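Examining the three-dimensional arrangement
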Amino acid sequence: MIGQWLQRLFRRTHRPAKPAIVITPAPPTPAGNDATDAVDDPLALFLPFQIRPLESADLGELLGVFREAIQISAADQYDQQQRDAWSRAQSHESLISALSEGEAVVAEWDDALVGFAHRVNGYINMVFVHPDASRVGIATLLYQHLEDSARVEGITELNAHASLTAHDFFHFMGFTSEGQEDAERDGVRLPRHHMRKSLV
Ligand SMILES: CC(C)(COP(=O)(O)OP(=O)(O)OC[C@H]1O[C@@H](n2cnc3c(N)ncnc32)[C@H](O)[C@@H]1OP(=O)(O)O)[C@@H](O)C(=O)NCCC(=O)NCCS
């Protein structure tokens, strides 16, 4: 497992300037929240990024990650009109409001926020990774943190509405598609998959 992660990290070349720094241990999970702590992850010391709970100081960077992920990473699956409508669907305020319930985790790389994920009960509501940090396993670790905490809470099934861009990622995480459907944002059609994963 560790070998796989190291292979994935070191075969990436699009962030060559980032040193394999030792990670500052993540702060403990807030009292009352049983989420698995990134510090407990034996891989954490090998990774150049840190996965930790969302803090209020992160909120200013979230919208940029959200919009860049849509505009760049989703460009092969959605046209400009679709990406603009999707991107406009969240404002700074609506993101803060959405993330105020449930559990949110972020990925930090060299003091920059490069990804975040959000779960409300059995629903994976958001997974967004900045395109400069894609395909090094950040979404995997963000998601894994949320799945672990869902298991601790006794949740037996996870659902998600996966963008066409994220379908293969969710499939990689063990989800299966229950079918494609259309979401609508600002009058624009956005195809997506309803995906489900049993935790039992
Ligand atoms: C989908 C997204 C979250 C993936 O983030 P990521 O950090 O690059 O994903 P990971 O590196 O953890 O990928 C893990 C595995 O998922 C699969 N995967 C991830 N992105 C993929 C893609 N674009 N195409 C095909 N497979 C993909 C691969 O199997 C990958 O393993 P590999 O890199 O060894 O092949 C990111 O591309 C993103 O933010 N996309 C735009 C926004 C979006 O659609 N968010 C989801 C909303 S529902």
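Before reading further, recall that the structure is shown in the block above.
Every value quoted in this text rests on a predicted model; they were computed, and no experiment measured them.

A few words on the packing of aromatic side chains. Tallying each qualifying case throughout the model produces eight aromatic pairs. Note on Tyr 143 and Phe 175: the rings are 5.6 Å apart at their centroids and 70° apart in plane angle, and the pair reads as edge-to-face. Residue Tyr 143 is found in helix α5 (residues 138-152), and its partner Phe 175 is found in the loop between α6 (167-172) and β6 (176-185); the two are separated by 32 residues along the sequence. Judged by its relative accessible area of 0%, Tyr 143 is buried. Accessibility expressed as a relative area gives 1% for Phe 175, which makes it buried. An aromatic cluster is defined as three or more aromatic residues linked by ring pairs; in this entry it consists of Phe 66, Tyr 78, Trp 86, Phe 116 and Phe 128.

Another aspect to go through is the sheet that holds strand β7 (residues 188-198). Taken together, the seven strands give an open sheet; going across it, the order is β1-β2-β3-β4-β5-β7-β6, and neighbouring strands pair in mixed fashion. With partners counted over all chains shown, the strands left at the sheet margins are β1 (49-53) and β6, one partner each. Direction aside, neighbouring strands of the sheet carry axes that sit 25° apart on average. Pairing geometry for β6 and β7, over nine bridges, is antiparallel. From the neighbouring strand, Ser 177 faces β7, where its bridge partner is Met 195. Lying on the sheet, helix α2 (residues 59-73) is in contact with β3 (112-120) and β4 (123-129); it crosses β3 at an angle near 90°.

What follows covers the site of the ligand. Within the structure, the ligand sits among 24 residues, and Val 127, Arg 135, Gly 137, Thr 140 and Ser 163 are positioned closest to it. One of the backbone nitrogen or oxygen atoms of Val 127 is found 2.8 Å away from a nitrogen atom of the ligand. For the ligand, an oxygen atom lies 2.7 Å from a polar atom in the backbone of Arg 135. In isolation the ligand has 910 Å² of accessible area, and contact with the protein removes 85% of it.

Here we take up the pairing of β3. A large share of β3 lies buried, amounting to eight of its nine residues. Relative to β3, strand β2 (residues 103-109) runs antiparallel, the two sharing seven bridges. Bridging from a neighbouring strand, Ala 107 pairs with Gly 115 of β3. The hairpin formed by β2 and β3 contains two residues between the paired strands, and Asp 110 there has a positive phi angle of roughly 50°.

Conventions used here
Residues numbered from 1 in each chain as written. Predicted model: local features only at pLDDT ≥ 70, side-chain atom pairs only at ≥ 80, totals over all residues. Heavy atoms only, no water. Phe/Tyr/Trp six-rings, centres within 6.5 Å; stacked < 30°, edge-to-face > 60°. Helix = DSSP H or I, 4+ residues; strand = E, 2+ residues; numbered from the N terminus. Buried < 20%, exposed > 50% of the residue type's maximum accessible area, 1.4 Å probe, protein only. Pairing = 2+ DSSP bridges. Axes fitted to C-alpha atoms, helices over the stretch in contact; angles between N-to-C directions. Contact = heavy atoms within 4.5 Å. Near = heavy atom within 4 Å. Polar contact = N/O pair within 3.5 Å; in protein donor to acceptor, adjacent residues only side chain to side chain. Areas by Shrake-Rupley, 256 points an atom, 1.4 Å probe, with all protein chains shown as cover.

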